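This is what each chain is made of:
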Amino acid sequence: MENIRTRLKFGNKPQDVKLRKRKSQLYSKEDESPNHGELRSRVVGFAVVFRLINCFLVQTSFVPDEYWQSLEVSHRMVFNYGYVTWEWKEGIRGFTYPLLFAFIYKILYFIDYDSVHLLIWLPRIIQALFAAFADVRFFFLIRTLESRDVAKWTFFCHMCSWFSWYCCTRTLTNSMETTITCLALSYFPLPGSKTHNSKMYLTLVALAVVVRPTALIVWFPLVMYHFWLEDNKLRLITQSLIPIGALAVVISTVIDCIFYEKWTVVQFNFLKFNVLHSVADFYGSHPWHWYITQGFAVVIGPHLPLFLHGCSIAFKKYKVLLAAVVWTITVYSLLPHKEFRFIYPVLPFCMIFCGISLVNLKAWRRTAAVALLVSNLAAALYTGLIHQRGPLDVMSHLQTRCNVSGPSSPPLPDVLFLMPCHSTPYYSHVHCPMKMRFLECPPDLGEKGYVDEADRFYRDPLRWLRTSFPYKSSIPTMLVLFDVLEKEISFFLKGNKFVRTAEIFHTHFPEGRVGGSIFIYERH
């Protein structure tokens, strides 16, 4: 009885009870992990080193926009010479993204370190560091959502994706959009997330939309999902959605008005030209099923079987992410103009399903991981070092002419690019005011019977050359062209004493007007 009375006394100081540590991940995900700070340092170090290596091992061109919608604009903003495409004359592109690189260029200019190599590589290094930061946030997001094993293998899938390797360090708005999307996802209210912050993720979404308005397509279903989950919907609208959205529009509009030197609302102009007037169709169209039958399979690459398997396992838990992937592909499928890079922002969503799939393969896990790594590595190295490297090598060749100085040195060449428009970078990659011209191809903005200069040239190259340069004194001193054009203009080349001085490899897969090599002809 005394023992019972003693146990029932509430005033006694309770003794500490030692509980047996559980090994199960159900009870603790941290027990098996090393010190959190040490883990973070290791992940950050790995991501930074990996993306810097990634940056320097991508030496090819992908699409014209990685130069013409970023570096070329930044170069003109700072150095007051260069060329801007029709989009900047019509006000459908925002200055927020090029302003980042213009700021870097301005610093280099002030400290007298504006060498062409720094102008080319420093923006890409900055892009690589942003990508590394997003990689780290992505890893720790999965650590809060899933077990240590799933986080590890999801991170592995994410880092070995060939398309991420190919794109994430390029100065493309799509690359920055994907990086910001990855960061925003780490603050989004996913099931089980411990890092949810509405204001933070909405601010990042607003920034992504400012950089590239089509980011709204990816985030629309996710924001609607958050709205549906939120108990106090009115507070979400009045204290987060409206203030953050309005502030983003105001700040971006102020920036654009300053640099356009007139009242310009880029988001409205972007919608007007690309949706209402279908200007994007001018640059090519694909059948509605292109993303389903080709585009998505290429972007996700060898991860596709793992993605499908992961969807069957984790469909219920991550249905909102799967819905965002399906929604994005569906919306882009309805638009005639299609490109691989447009659906790049949903790739991180897919990697979560791939990681879950790998963990559930158990006995076949390491075999599948090795196969995944080898296949992605082959694609990444080929596309990053070999495929479509010609334009960058051509500009490096031309840039050497800028380094020749002295009283007896030859004058700067007068260069004409007889190639599909925007095939190469421009002044951002030579950084000297040599005279250059290319075949322009602005879209039809309402002119009856309009044919752009590039199409007029390719219809009858010799006739275009004769009418464009009626006098020998007006003929450029250097021509840059794809090998497939050489035979058609051979009469002009011989008649005006042009001699081939360089042959530069471009691709193993020539197509149409784009050849396998680029020829440089000089007039003697």
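These numbers come from a predicted model, not from an experiment.

J.: Can you tell me about the UniProt feature "transmembrane region" (unreviewed entry) in the protein, naming the residues and giving the values?
T.: According to UniProt, the positions carrying the feature "transmembrane region" (unreviewed entry) are residues 95–111, 118–140, 200–229, 241–261, 320–336, 342–361 and 368–386. Regarding residues 95–111, the helix share stands at 88% and the strand share at 0%, and the terminal C-alpha atoms are separated by 24 Å. Between the C-alpha atoms that bound residues 368–386 there is a distance of 27 Å. The span itself is 95% helix and 0% strand.

J.: Please provide a residue-by-residue account of unusual backbone geometry, values included.
T.: One non-glycine residue, N80, adopts positive backbone phi at about 65°. Inspection of the secondary structure puts N80 in the loop between α3 (65–79) and α4 (86–90). The exposure class assigned to N80 is exposed, which follows from its relative accessible area of 65%. A positive phi angle is found at H422, which is not glycine, with a value near 60°.

J.: Provide a residue-level description of the pairing of strand β5 (residues 517–523), including the pertinent values.
T.: Extensive coverage of β5 is indicated by the burial of six of its seven residues. The pairing of strand β3 (residues 478–482) with β5 spans five bridges and is antiparallel. Considered in β5, the bridge of L481 is made with F519. Direction of pairing for strand β4 (residues 498–505) relative to β5: antiparallel, over a ladder of seven bridges. In the sheet register, V499 faces β5, and the bridge partner there is E522.

J.: Can you explain the state of the cysteines? Please cite residues and give values.
T.: Inspection of every chain in the model, using the stated rule, returns two disulfides. In this model C421 forms its disulfide with C441; the gap between the sulfur atoms is 1.7 Å. A torsion of 75° about the S-S bond marks the disulfide between C421 and C441 as right-handed. One end of the pair, C421, is in the loop between β1 (414–418) and β2 (435–438); the other, C441, is in the loop between β2 and α20 (453–459), with 20 residues separating them in the sequence. The burial state of C421 is the same as that of C441; both residues are buried. For the protein, numbering the cysteines in disulfides from first to last along the sequence yields the connectivity 1-3, 2-4. No disulfide involves C350; its nearest neighbouring cysteine sulfur is the one of C354, lying 6.7 Å away.

J.: An account of the environment of K497 is requested, with residue identities and associated values reported.
T.: Within the secondary structure, K497 is located in the loop between α22 (490–495) and β4. Between the C-alpha atom of K497 and that of D460, which follows or precedes it by 37 residues, the distance is 21 Å. With near-sequence residues (within four places) excluded, K497 lies in contact with E522, R523 and H524.

J.: Go over the sheet that holds β3, please, and point to the residues and values.
T.: Across the sheet, which stays open at both edges, the five strands sit in the order β2-β1-β3-β5-β4 with mixed pairing between neighbours. Unpaired on one side and paired on the other, β2 and β4 mark the two borders of the sheet. Across the sheet, the axes of successive neighbouring strands diverge by a mean angle of 20°, strand direction being ignored. Alignment of β1 against β2, held across four bridges, turns out to be parallel. The residue bridging L416 from the neighbouring strand is R437, located in β2.

J.: With reference to specific residues and values, describe the packing of aromatic side chains.
T.: Aromatic rings considered in pairs are described by the distance between their centres and by the relative angle of their planes. According to the stated counting rule, one finds 47 aromatic pairs in the structure shown. Geometrically, the ring pair formed by F139 and F155 is edge-to-face, given 5.1 Å between the ring centres and 65° between the ring planes. Of this pair, F139 sits in helix α6 (residues 116–145) while F155 sits in helix α7 (residues 148–159), and the two are 16 residues apart along the sequence. In terms of burial, F139 and F155 fall into one category: buried. When the ring of F457 is compared with that of Y458, the centres are 5.0 Å apart and the planes differ by 80°; the resulting orientation is edge-to-face. By relative accessible area, which is 0% here, F457 ends up buried. Its relative accessible area of 15% is what places Y458 among the buried residues. Chaining the aromatic ring pairs together yields one cluster made of W68, Y81, Y83, F417, Y426, Y427 and F438. Sitting over the ring of Y166, R170 keeps its end group 4.4 Å from the ring centre. One Lys or Arg, K233, reaches over the ring of F227 and ends 5.7 Å from the middle of that ring.

Calculation criteria
Residues numbered from 1 in each chain as written. Predicted model: local features only at pLDDT ≥ 70, side-chain atom pairs only at ≥ 80, totals over all residues. Heavy atoms only, no water. UniProt positions renumbered as here; feature names shortened; annotations may be inferred. Helix = DSSP H or I, 4+ residues; strand = E, 2+ residues; numbered from the N terminus. Buried < 20%, exposed > 50% of the residue type's maximum accessible area, 1.4 Å probe, protein only. Pairing = 2+ DSSP bridges. Disulfide = S-S within 2.5 Å. Contact = heavy atoms within 4.5 Å. Axes fitted to C-alpha atoms, helices over the stretch in contact; angles between N-to-C directions. Phe/Tyr/Trp six-rings, centres within 6.5 Å; stacked < 30°, edge-to-face > 60°. Lys NZ or Arg CZ within 6 Å of the ring centre and 35° of its normal.

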